[in-house]
Amino acid sequence: MQRRDFLKIAGLAAAASRLPGQEPQSFLTPTAGTQEAAKTEFTLRIAPVTVELAPNRIISTIGYNGISPGPLLRMKEGVPITLNVINDTDTPETVHCHGLLIPSDVDGSEEEGSPAVPPHGSRSFKFTPTPAGTRWYHTHTMAMDDLHRGSYTGMFGFLVIEGANNPGRYDQEHYLALRDWEPYFTSTSMDNDDLDATGPQPERPAVMDTRQPGIEVAADIFSINDKALGAGEPIRVKPGDRVLFHFLNASAIENRHLALPGHKFNVIALDGNPVATPAAVDVLMLGPGERVDAIVEMNHPGVWIMGAPEDMVREGGLGIVIEYANQHVTPQWTAPPKSNWDYTIFGKPPSQPAPTEKLDMLFEKIPRGAGKYNSFNVNGKPYPHDKEFLLKQGTRYRLTFHNRTDDAHPLHVHRHQLEIAEIYGKATSGVIKDTVVVPTYGRASVDFTADQPGDTLFHCHIQMHMDYGFKALLRYA
Ligand SMILES: [Cu+2]
């Protein structure tokens, strides 16, 4: 396995990173001050790129504007923009703006009717960005059995919509995307999810499916943005600093955890939307597609690794060094206290009666056996669903996800906001999401208002699950 060599390299890189004078490559464009006129035209050029995760670990993928992650797109809420997409590759491409409430013809999903950008062609999309918050953009093509396509590539980036949200005072701000690279097929489950073992499992079948499962996708190489742990510049802080982090799990394959020894994450927004009850946690969990905005008070001087609690993932690169001023020790890691991710601690007791209009989605995995790809059914049927999910405009729905599979899935609905109503058997409100991780054999209900006419894609944000049936179209009547 190459991973051992990589760790050696990352070790060397850690030493190299302490040398002064090396400018970190950055995907952050200079940010426009609030007093400046909002930028209204953005261009993304899709083409092959190399990403230097560490000095001797340079990977080849596809990115935007010569880099991966792509440039930070900073838009103003309510100010119309044009997004020009130039496709320099040989295959049709799409750019989906994730978490925006925009029409289906500009949403970047072919399932909804957005046109693809032809190979060696270009297309412009015009829309009015809303709502304010931490959003992101990424390719929405199918990858199927090609691990060099779709969200396995470097085609992702942050999209921030500036509006009235006020995160409070902070001293510095960082956009950090969690990624894995060079995925491969495996018959061994790499799962390390706390969402598998804990909590009620109301959807666990009485008789388990004993057929042999098919292959899954895994990775051993990780980064935060474009750098493996130790290979990039540390985040330099002073005691007393309040640091606002915007985290994104841009993985195509796995839920991720993150911890910073001796510090807590004060979570203020989930998927870019301010939460009803900001709360401090030791460990974050993000499913593919999810974002967390959290403020960390730097009150524990030292040099620390902020990274994945799982040793294999962190040592494989998923981490970044937090360095206090005048501290010159080797970056330290200590395992965080055991914790279980729970969306409801950021919520408040429900105050509205449940919507009377109900939708149910029941998910099953069909194990396909060695060397084959598992597939998924929604309500007993493969995609596309013709008349299952018909929405009446203006109606509020309670959508219940029944997860009858042995995996936790990040479930995403395009162009609508989902308010978590019930999860882990607990009722809540005030947690507004676009992607919700439903635990293994778990059940979750979300409420949403059908106020965005046009076809609306629902899918699991794990690329392989989506490609092999874990999706459905919601249609307006
Ligand atoms: Cu899934």
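Computed from a prediction, not measured in an experiment: that's the story for all the values here. (Residues numbered from 1 in each chain as written. Predicted model: local features only at pLDDT ≥ 70, side-chain atom pairs only at ≥ 80, totals over all residues.)

## Some points on unusual backbone geometry
Cis rather than trans, the peptide bond between T130 and P131 has omega equal to -5 degrees. Tracing the chain through its elements places P131 in the loop between strand 6 (121-127) and strand 7 (133-139). A cis amide bond links Y383 to the next residue, P384, at an omega of -5 degrees. Tracing the chain through its elements places P384 in the loop between strand 23 (375-378) and strand 24 (390-391). Positioned with a positive phi, N65 is a non-glycine residue whose angle comes to about 55 degrees. As for its placement among the helices and strands, N65 is situated in the loop between strand 2 (57-64) and strand 3 (73-76). Judged by local crowding, N65 falls into the partly exposed class, with 18 C-beta atoms found within 10 Å. Unusually for a residue other than glycine, Y424 sits at a positive phi of about 55 degrees. Positionally, Y424 belongs in the loop between strand 27 (418-423) and strand 28 (426-427). (Helix = DSSP H or I, 4+ residues; strand = E, 2+ residues; numbered from the N terminus. Buried ≥ 20, exposed ≤ 12 C-beta atoms within 10 Å, placed from the backbone.)

## Let's talk about the domain arrangement of the protein
What the domain assignment reports for the protein is domain 1 (3-165), domain 2 (179-346) and domain 3 (357-476). Spacing between the C-alpha centres of domain 2 and domain 3 amounts to 24 Å. Residue-level contacts link 34 residues of domain 2 with 37 residues of domain 3. Looking at the side of domain 2 that touches domain 3, the elements with two or more residues in it are helix 2 (194-197) and strand 17 (273-281). No other element matches the 3 residues that strand 17 contributes to the side of domain 2 that touches domain 3. Residues belonging to the side of domain 2 that touches domain 3 are distributed by class as follows: 15 nonpolar, 10 polar and 9 charged. (Domains from an automatic or database assignment. Contact = placed C-beta atoms within 7 Å. Nonpolar A, V, L, I, M, F, W, Y, C, P; charged D, E, K, R; others polar.)

## A short note on the sheet that holds strand 33 (residues 471-476)
Strand order in the open sheet made by the 5 strands is 24-33-32-26-30, with mixed pairing throughout. Only two strands of the sheet have a single partner each, and these edge strands are strand 24 and strand 30 (435-438). Bridge analysis of strand 26 (residues 409-413) against strand 32 (residues 456-460) gives 3 bridges, and the strand direction is antiparallel. Counted as the bridge partner of V413 is F458 from strand 32. (Pairing = 2+ DSSP bridges.)

## Considering the confidence of the model for the protein
In the predicted model, the protein carries a mean pLDDT of 91, and the fraction of residues at 70 or more is 90%. Scored below 50 in pLDDT, residues 1-26 makes 27 contacts in the model with residues more than four places away or belonging to other chains. (pLDDT = per-residue confidence, 0-100.)

## A closer look at the pairing of strand 33
The side chains of a regular strand alternate between the sheet's two faces. In this sheet, strand 33 lies alongside strand 24 in parallel orientation, the contact comprising 2 bridges. Counterpart to L390 in the pairing with strand 33 is R475. Pairing between strand 32 and strand 33: 4 bridges, direction antiparallel. The residue bridging L457 from the neighbouring strand is L473, located in strand 33.

## Concerning the nonpolar core
One finds L284 and A294 to be the most contacted residues of the largest nonpolar core, which totals 114 residues. Here this core takes 6 residues from strand 1 (residues 41-54), the largest share from any one element. Apart from the residues within four sequence positions on either side, L284 is in contact with F247, H257, L258, F265, V292 and A294. (Core = buried A, V, L, I, M, F, W, Y, C linked by C-beta atoms within 7 Å.)

## Quick look at the sheet that holds strand 9 (residues 172-181)
Here we have 6 strands laid out as an open sheet, ordered 12-9-14-19-16-17, and mixed in their pairing. Strand pairing shows two members of the sheet lacking a second neighbour, strand 12 (221-224) and strand 17, which therefore form its edges. In this sheet, neighbouring strand axes are inclined to one another by 20 degrees on average, regardless of whether the strands run parallel or antiparallel. Sheet topology places strand 16 (residues 265-270) next to strand 17; 5 bridges connect them, and they run antiparallel. Pairing of A269 across the sheet is with P274, part of strand 17. (Axes fitted to C-alpha atoms, helices over the stretch in contact; angles between N-to-C directions.)

## Quick word on the environment of A47
Secondary-structure assignment places A47 in strand 1. A47 gets classed as partly exposed once you count the C-beta atoms within 10 Å, which come to 13. Taking the C-alpha atoms as reference points, A47 and Y476, separated by 429 residues in sequence, lie 36 Å from one another.

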